Amino acid sequence: MNAVPVGTPDGPLTAGGAPDAVREALAPCGVLRAVINLGNPVLAQGDPADPRGVSVGIARQLAAWLGAPLEMVSVPAARDAYAEITAGRVDVCFLAIEPAREEGVAFTAPYALIEGVYIVKADSTLTTTRDVDAAGVRVGVRTGSAYDLFLTRTITAADVVRGPEVPEVFEDEQLEVCAGIRQPLTAYAVEHGHRVLEPPFMEIRQAVGLRRGTAGGVLDAVAAQVELLKSSGFIASELERSGVQAAVAPPARRPGRHG
């Protein structure tokens, strides 16, 4: 783990402002342990020695609010972040809200929205997103990603083909379609002469997650801080600072957790 200074300068959360009960429940070791998924370049950039991005910024703000040191564990994929939080090796994670994850993780309302899109070869007969779910079409996805989980429960005719990385699985298996996050997949499509299909096939709702079973009231307290980070402009500023294009999620419909 990498020890990181508490908080970020002039952040919107009050340093040491969390109630004692929340601090003790959320950071029982006296340190806030956060897992950072470096496999999602919209949320995190850099390397394990120097992670950056909006999820890192939120982790620092939450640590400042708790008045606790921050330790970050960097992982290469969402499935690894899920494993860390559910095993109890970290206290907080940054993942997309998906039903398959909610058995082990309790989520706040989303703080950012990212689009999932398909790409195809230039000569593909597929012209829109609606063409993809058809017999004989194979869709490459990154194993355990939010879009893997979404397509697994929504695709009815096409085949989902999983691999450790995209678009490598798309190229290696000579698949008809590749699914992924709009920003990096669009850049890849432009570089290789592929096409992006519209409209996006899903909206990926990125949220803060706590291990399921964390003491009652803690999730609502964290969710309230996430809403403050959204309304203060902190999330928008961190996304802009990272040079990525993602939308700040709208205010939660009700206080506390998502939905």
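Scoring rules and cut-offs
Residues numbered from 1 in each chain as written. Predicted model: local features only at pLDDT ≥ 70, side-chain atom pairs only at ≥ 80, totals over all residues. Heavy atoms only, no water. pLDDT = per-residue confidence, 0-100. Contact = heavy atoms within 4.5 Å. Helix = DSSP H or I, 4+ residues; strand = E, 2+ residues; numbered from the N terminus. Buried < 20%, exposed > 50% of the residue type's maximum accessible area, 1.4 Å probe, protein only. Arc of directions from axis to C-beta. Lys, Arg positive; Asp, Glu negative; His and termini not counted. Salt bridge = Lys/Arg side-chain N within 4 Å of Asp/Glu carboxyl O.

Caption draft 1: Structural detail: the confidence of the model for the chain. On average, residues of the chain score 93 in pLDDT, and 94% of them are at 70 or above. Across residues 3–9 the pLDDT falls below 50, and counting only partners more than four positions away or on other chains, this stretch makes 16 contacts in the model.

Caption draft 2: Region of interest: unusual backbone geometry. Going from Val166 to Pro167, the amide bond is cis rather than trans, its omega being 10°. Note on placement: Pro167 falls in the loop between strand S10 (159–163) and helix H5 (168–172). Between Glu198 and the following residue, Pro199, the backbone shows a cis peptide bond with an omega angle of -5°. The phi angle at Gln174 is positive, at roughly 50°, despite the residue not being glycine. Here Gln174 shows up in the loop between H5 and strand S11 (177–181).

Caption draft 3: Representation of helix H3 (residues 78–86) within the structure. Listed as buried for H3 are Ala78, Ala81, Glu84 and Ile85. Looking straight down H3, one finds that the buried residues subtend no more than 120° of arc, so they occupy a single side. Close packing links the buried residues of H3 with strand S2 (32–37), strand S5 (70–75), strand S6 (92–96), strand S7 (105–107) and strand S12 (195–211). The first or second residue beyond H3 is Gly88, which carries a positive phi of 80°.

Caption draft 4: Representation of the environment of Val169 in the model. Here Val169 shows up in helix H5. For Val169 and Gly140, which are 29 residues apart along the polypeptide, the C-alpha to C-alpha distance reads 6.0 Å. For Val169, the residues in contact, after removing those within four places along its chain, are Gly140, Val141, Val161, Arg162, Gly163, Gln174 and Leu175.

Caption draft 5: Fine view of the side chain of Arg101. Examined against the element boundaries, Arg101 turns out to sit in the loop between S6 and S7. Although Arg101 lies buried, it forms no salt bridge, and the closest oppositely charged side chain, Glu98, sits 7.0 Å away as judged by the N-O distance. Once residues within four sequence positions are removed from consideration, Arg101 is found in contact with Ala78, Tyr82, Leu95, Ala96, Phe107, Gly144, Ser145, Ala146 and Leu149.

Caption draft 6: Broad picture of the pattern of salt bridges. Per the stated rule, a full pass over the model turns up 13 salt bridges. Across the pair Glu176 and Arg138 runs a salt bridge whose closest N-O atoms are separated by 3.0 Å. One end of the pair, Glu176, is in the loop between H5 and S11; the other, Arg138, is in strand S9 (residues 138–142), and 38 residues separate them in sequence. On the basis of relative accessible area, Arg138 is assigned to the partly exposed category, the value being 28%.

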